Amino acid sequence: MIITVTLNPALDKTARVDVLRPNALNRLQGVTLDAGGKGVNVSAMIRSLGGESVAVGFSGGGAGEELRALVAKKGITSDFVRVAAVTRTNLKVVADDGALTEFNEPGPEIRDAEWRELEQKLSSYAAGGNTVVLSGSLPAGLGKDTYKKLSAMLRRAGASVFLDTDGEALKRALESAPEEIPDYIKPNRYELLQYFGMPDDKGAACTETELAELCRTLIGKGIKLVSLSMGEAGAIFVNGNGVWRAPALPVQVRSTVGAGDSMTGALVHGFEQGLPEEQCFALAMAASAGACTTEGTNPPSRALVDTLLTQTRMEKIA
Ligand SMILES: Nc1ncnc2c1ncn2[C@@H]1O[C@H](COP(=O)(O)OP(=O)(O)OP(=O)(O)O)[C@@H](O)[C@H]1O
Ligand SMILES: [Mg+2]
């Protein structure tokens, strides 16, 4: 069973204007609402591939209700902890020339009792064989060691942990002992270099071999797989058996937002189906390329993923 966790979900409100005018009244057109959150994106990808997952997280107020309804509409089972504070709404305004302006709220304050309810819920899902995906930013008031603590608790209870976050939250989680550290991570290039404190120009000059070496040092800490996504440059997969690289598939790009979440969803689905490692990586390449062809964070269809799968090239380089 796969459980996705979004601690800081949002209602994504998208609207159009002809031109965005600061210091003036902007009349929004074509307002649409969608369920936002990286864990929800992962669940949507799994669903599209024919798998199942339970989306867990915090939701509150009318916006929280709307969020749960939108998640259900995607065919995803959810099990959110209801919180007193209202789920945030993030506004994205698209002008006629395509310029995107975003207004993101910080997310609700989580009370101690609400946090304990989430921990209990997750520990009840943490039976052996289950995979828990922890994705995205943390809501205000939760400490930077939140993912570190969750990973330790889940792994000790027998679950596998997939962590997709960045900055201090990632750094803390990777300080854990081998039996508590996340099993799988999917940094993008920027997040990996940020973790290693590489100054921008030094990081920019890193070759694929050097990037793979950085990933290997993480394998040395007890992580089982590092999937390094590099946008249009493709991806590198590093585990105890070696290093694979795959170029990005040539697709008509509409939106790359959430491509990484599709990669994560495809990987955990592949693991759950018991696919050989190279096939899991190939599925991740096809799913993430497919995700670039859809609007916003919508996942690609299974049919498109299957077509792209035939074009995937995976090379073992070490
Ligand atoms: N322009 C592109 N063309 C083809 N495939 C792409 C393109 N951009 C991204 N991808 C695919 O998606 C994968 C993930 O992309 P990326 O590295 O941008 O993830 P990310 O930054 O974690 O994204 P997000 O956090 O928004 O989900 C890449 O490894 C690649 O397989
Ligand atoms: Mg990402």
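Above: the structure in question.
Predicted model, so just to flag it, every value in this text is computed and none were measured. (Residues numbered from 1 in each chain as written. Chains lettered and ligands numbered in written order. Predicted model: local features only at pLDDT ≥ 70, side-chain atom pairs only at ≥ 80, totals over all residues. Heavy atoms only, no water.)

A. Up close: the nonpolar core. One finds Leu-7, Phe-58, Leu-134, Leu-154 and Leu-211 to be the most contacted residues of the largest nonpolar core, which totals 48 residues. The dominant element in this core, judged by the number of residues it contributes, is helix H8 (residues 208-219), at six residues. Core analysis: the next-biggest nonpolar cluster, separate from the first, contains 28 residues, Met-263, Phe-281, Ala-284 and Ala-287 among them. (Core = buried A, V, L, I, M, F, W, Y, C linked by side-chain atoms within 4.5 Å. Buried < 20%, exposed > 50% of the residue type's maximum accessible area, 1.4 Å probe, protein only. Helix = DSSP H or I, 4+ residues; strand = E, 2+ residues; numbered from the N terminus.)

B. A look at the pattern of salt bridges. Tallied over the full model, the rule gives 14 salt bridges. Between Lys-38 and Asp-261 there is a salt bridge whose closest N-O contact spans 3.1 Å. Residue Lys-38 is found in helix H1 (residues 38-48), and its partner Asp-261 is found in helix H9 (residues 259-272); the two are separated by 223 residues along the sequence. Overlapping salt bridges bring together Arg-155, Asp-183 and Lys-224 as one network. (Salt bridge = Lys/Arg side-chain N within 4 Å of Asp/Glu carboxyl O.)

C. Highlighting the site of ligand 1. Taken together, 24 residues are adjacent to ligand 1, and Asn-188, Ser-229, Gly-231, Gly-260 and Ser-288 come closest. Within the side chain of Lys-38, a nitrogen or oxygen atom sits 2.9 Å from an oxygen atom of ligand 1. At a separation of 2.9 Å, an oxygen atom of ligand 1 approaches a polar backbone atom of Gly-231. Within the complex, the protein chains bury 86% of what would otherwise be the 640 Å² of accessible surface of ligand 1. Looking at the shell around ligand 1, the elements with two or more residues in it are H9 and helix H10 (277-292). By residue class, the composition of the shell around ligand 1 is 12 nonpolar, eight polar and four charged. (Near = heavy atom within 4 Å. Polar contact = N/O pair within 3.5 Å; in protein donor to acceptor, adjacent residues only side chain to side chain. Areas by Shrake-Rupley, 256 points an atom, 1.4 Å probe, with all protein chains shown as cover. Nonpolar A, V, L, I, M, F, W, Y, C, P; charged D, E, K, R; others polar.)

D. Representation of unusual backbone geometry in the model. At Asn-23, a residue that is not glycine, the phi angle is positive and equals roughly 60 degrees. Note on placement: Asn-23 falls in the loop between strand S2 (10-17) and strand S3 (29-36). Looking at Asn-23, the relative accessible area reads 86%, which means it is exposed.

E. Seen up close, the sheet that holds strand S7 (residues 88-95). Read across the sheet, four strands follow the order S3-S2-S7-S8 without closing on themselves; strand pairing throughout is mixed. The open sheet has two edge strands with one neighbour each: S3 and strand S8 (100-103). Each strand of the sheet is rotated relative to its neighbour by a mean of 20 degrees, with strand direction disregarded. Bridging between S7 and S8 involves four bridges; their strand directions are antiparallel. For Leu-91, the partnering residue across the bridge sits in S8 and is Phe-103. Packing against the sheet, helix H2 (residues 61-73) makes contact with S2, S3 and S7, and its axis sits at approximately 80 degrees to S3. (Pairing = 2+ DSSP bridges. Axes fitted to C-alpha atoms, helices over the stretch in contact; angles between N-to-C directions. Contact = heavy atoms within 4.5 Å.)

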